[in-house]
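The primary structure of each chain is shown beneath.
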Amino acid sequence: MAQLAAVLEDQRKSEETALITGSEAIAVACKLADVDVITAYPIRPYDTVMQYVSKLVANGELDCEYIVAEGEHSQFEIVKHASACGARVFCGSSGVGWMYAMEALTVTPALRIPMVAMVGNRALDDPGAFGVEHNDALTVRDLGWQLVWVDTAQEALDTALIAYRVAEDRRIFLPCAISCDGAFLTHSQALVKIPSQEKVNEFLPRYNRADLLLHPDNPITVAPQGNEDWVMEIRRQNYAAMERTSEVIREAYADFERIFGRSYGNPFFEEYETEDADVVLMGMGTLSTPVKVAIRKMRKEGKKVGFVRMRWFRPFAAQELAKSLGRFKAVGVVDRDYSFGSPYMSGVVTNEVRSALYSAPGPKPPVVGFIAGLGGREVTVPDVERITDGVYKAAEGKSQPLTQWIGLRE
Amino acid sequence: MGRLFAIEIIYRGIFQKLLAGRISRAIVLAAHHDGKPGISFGRYGDSPERNGIPAKNFAIVGTDEETLQQGMAKYEPKEVDITICVDDTLCKGVESWAWYGLQPVNKLLKPGGTLIVTSLESPETIIGMAHRKDEPYKLAILKGTPSFSGLWVFKDDHTDVRILGAIAKLLPELFSLKAVQDVIVKEWKDPVKAESAARSHERITTSTVKPNQGNPETPYKFEFPKWHEMGEGIAIPSIPAGHSYEDPNTHAMGGFRPDRNPTFKKFTTRTMRPVVNFDTCIKCTLCWLHCPDSCFDVTPDNLYDANMQACCGCGVCEAVCPVKECVTMVNEAEFSDNSSQWESWKKDKEAYKVWLQDKIKGHGERSHGFRYRGQYEEQVPEMLQIAREG
């Protein structure tokens, strides 16, 4: 017995490196966070997470209620209710599956449920495609969901732990969706450092629903009907909670670095080769790989190009981002999404960046929007070079369309 | 700025929906006939209506377009020239399903405005039911039983046109009798209805209600909390489960009284209430089991006392009770308080028996919820008789 105890103690403290996919990294984070209730309904690419989770449950490594619902709407409703009863929950979906859960997705932030969800980004139907597009997760951008995009399996694991820490903070109590690009992240394996349980326990306190706990000992009514005399005040409360997220996210990243010794720098966006850059590209998720390769190539050719990868889309670090972007002559935003009929017909991220710059006190570089990589199409190094040419054109003040499609057969 | 007229119609949701809609539409059409623009609308907070739950319709008319626009810029009128109450039991108060506490029926009435009530009761009874106001107002009683003309049945007993004729008399600046008669003929293609309007115009009388007359209770009021004073997560404290209580005679504790919302009372939904004969009750529990509002308190001696704070007068208890005349639904206008029947029975059983017999002697007198097929049709000629003869 003493020997077994020693082995378990050893395991608790040990850190290991494993070759796992982004989806598996999320599942491992669920295990480390000791999630209580997980619901699932298959849809590619999110379904890979449920496969790994069910394996962990079957192997006795994760002790949780694992419920396969009859559809995404129920899937998200079940965890919403479980969370109201004080359970730490995990859930996820992709593309139109996320859409099918939409009603549950709207009430989750309204009820201040700190659900953590993984969105395996996938093109919305039709056609029945399964490659990455960001429109699925972006549909909840106005509702009080925190939205974060990750780039690597390591970042997926770490961000999932951070997401629990932030979402379940009593100052916040808002859900958080972690977006993982279908295929590029969900289905490709990479070496990931898996932190020890001991350190995770130090980083992540238990979920305490406190005064909002739905329990016979704390009889409350959740979500009664309210008319026009109440709705504005309720919305204002969520506005205040979202306003507090930036500070809590910063705290969580600082603590993460202290405990795990791994730093992400600025939590909200990663800057790559920006120090001396003339122009920068921007984007979210795994787009960073071809962009970084292209930048290294272009730098050798003497072009001073940098890259800003946005992690947190909600909250949107507008002031900080505007201050950073003000240093450059032009900005090119690559959207793996579309927003038909929007200002200048640009993608969602482009328009948010333009909006952030408009009210900023500092310089406002021109912003060109690029739509690329839709439906999982590869964004190639030459594509990135073409994009960069456009951004340089903008820097020189030459006129060109404010939104351009890249990698399209034309 | 010209003059703005506002009229509200207080009615029972669903049951009188069509009636209220017809009255407010015709007000606007008649005003339009006399050259005044107006609009008609149902209170959005009442929608979708619930069976019997108090609801409101409004008609707003201006002497000119700009005046009307200023009136329309408000969510709903804050004061009205006329309040029409098409069910006299609503004079005890109005509590909409998404509203807060009991509101006086005459709350929006301007000083000197008129409350029109359809009723067979005397002015004294109606005045006693309505809350007191600081300024005098007028009461006009349109003789008749509350007309239930809604989604389920349409009792065309001329209540609508009689009210319209009365308005032409009480507020002639709004529209003339001729205007409203023209609208009636155009809308409903029935000259007899236009005649009913004229008779009502001729006969309607008012009495003045003074500030010291009426229900002296203070109407329910509360302060809206600021956003940061409210609890988060749309969670509110629940109503506690309930508790046993004391028998006034033996002082024994027992039974079970569910706790109830201290501010949200359901009794304005009620057009009738159950009167219980505790002497013949066989304690079968059916009323208690079937009541959709858990209104029955289980008494310490295991009887079932319909609590008037929670009863909405649906009549299910009467329908399921297996004992003849053990539970009898009686018109709400017959009662002036919400006190416990069981307690008064405990206090004096003989006196209770007399009271009970007095209440149920007109057995079958109900304003809604018919006892047999065809009952409404039988009531129509009776109402038309009243319309003709006054």
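Residue positions are given per chain, counted from 1 along the sequence in the order it is written. Chain letters start at A and ligand numbers start at 1, both assigned in the order the entries are written. Given that this is a predicted model, residues contribute local features only at a pLDDT of at least 70 and side-chain atom pairs are listed and counted only at 80 or more, while totals for whole chains, interfaces and linings are drawn from all residues.

## Examining the sheet that holds strand β16 (residues 403-406) of chain A
All names here are of chain A.
- For two strands to count as paired, DSSP must find a minimum of two bridges between them. Secondary structure follows DSSP: runs of H or I at least 4 residues long count as helices, runs of E at least 2 residues long count as strands, and numbering of each begins at the N terminus. Here we have 6 strands laid out as an open sheet, ordered β10-β12-β11-β14-β15-β16, and mixed in their pairing. The sheet is open, and its two borders are formed by β10 (269-272) and β16, each paired with just one other strand. This sheet shows a mean twist of 25 degrees between the axes of neighbouring strands, independent of strand direction.
- Two strands pair when backbone bridges link them, and strand β11 (residues 279-283) and strand β14 (residues 330-335) are joined in this way by 4 bridges, in the parallel orientation. When the sheet's bridge partners are listed, L281 is paired in β14 with G332.
- Along the sheet face, helix α11 (residues 288-300) touches β10, β11 and β12 (305-310) and points at about 165 degrees away from the line of β12.
- The contact criterion used here is simple: two residues whose C-beta atoms, placed from the backbone, lie within 7 Å are in contact. Angles here are taken between N-to-C directions and fall from 0 to 180 degrees, while the axes themselves are lines fitted to C-alpha atoms, restricted in helices to the stretch in contact. Packed onto the sheet, helix α13 (residues 348-358) meets β11, β12, β14 and β15 (367-372) and runs at close to 150 degrees relative to β14.

## A short note on the sheet that holds strand β2 (residues 37-40) of chain A
Residue and element names in this part refer to chain A.
- In spatial order, the strands read β3-β2-β4-β5-β7-β6-β13; together these 7 strands make up an open sheet with mixed pairing. If you trace the sheet from one side to the other, it starts and ends with β3 (65-68) and β13 (312-314), each paired once. Averaged over all pairs of adjacent strands, the angle between strand axes in this sheet comes to 20 degrees, irrespective of strand direction.
- Bridge count between strand β6 (residues 146-149) and strand β7 (residues 176-181): 4 bridges; the pairing is parallel. Among the inter-strand pairings, Q146 is bridged to a residue of β7, identified as C176.
- In this fold helix α4 (residues 72-84) packs onto β2, β3 and β4 (89-93), with an angle of close to 160 degrees to the strand it touches most, β4.

## Digging into α4 of chain A
Residues and elements named next belong to chain A.
- Over its 13 residues, α4 runs 18 Å from end to end, which matches the ideal 18 Å to within 8%, given 1.5 Å per residue.
- Counts of 20 or more other C-beta atoms within 10 Å of a residue's own C-beta define buried residues, counts of 12 or fewer define exposed ones, and intermediate counts define partly exposed ones; C-beta atoms are placed from the backbone. Every buried residue of α4 is listed here: E72, Q75, F76, I78, V79, K80, A82, S83 and A84.
- In this fold, the buried residues of α4 make contact with β2, β3, β4, α5 (95-100), α6 (102-110) and β9 (220-222).
- Looking one or two residues past α4, G86 carries a phi angle of roughly 100 degrees, positive in sign. Each helix should span, by expectation, one fewer than its residue count multiplied by 1.5 Å.

## A word on the domain arrangement of chain A
Residues and elements named next belong to chain A.
- As far as domains go, chain A holds domain 1 (15-260) and domain 2 (270-406).
- On a C-alpha basis, the centroid separation for the pair domain 1 and domain 2 is 28 Å.
- Taken together, the contact between domain 1 and domain 2 spans 25 residues of the former and 20 residues of the latter.
- Where the side of domain 1 that touches domain 2 is concerned, the elements lending two or more residues are α7 (135-138), β6, β7 and α10 (231-260). Domain delimitation in this document rests on an assignment produced automatically or drawn from a domain database.

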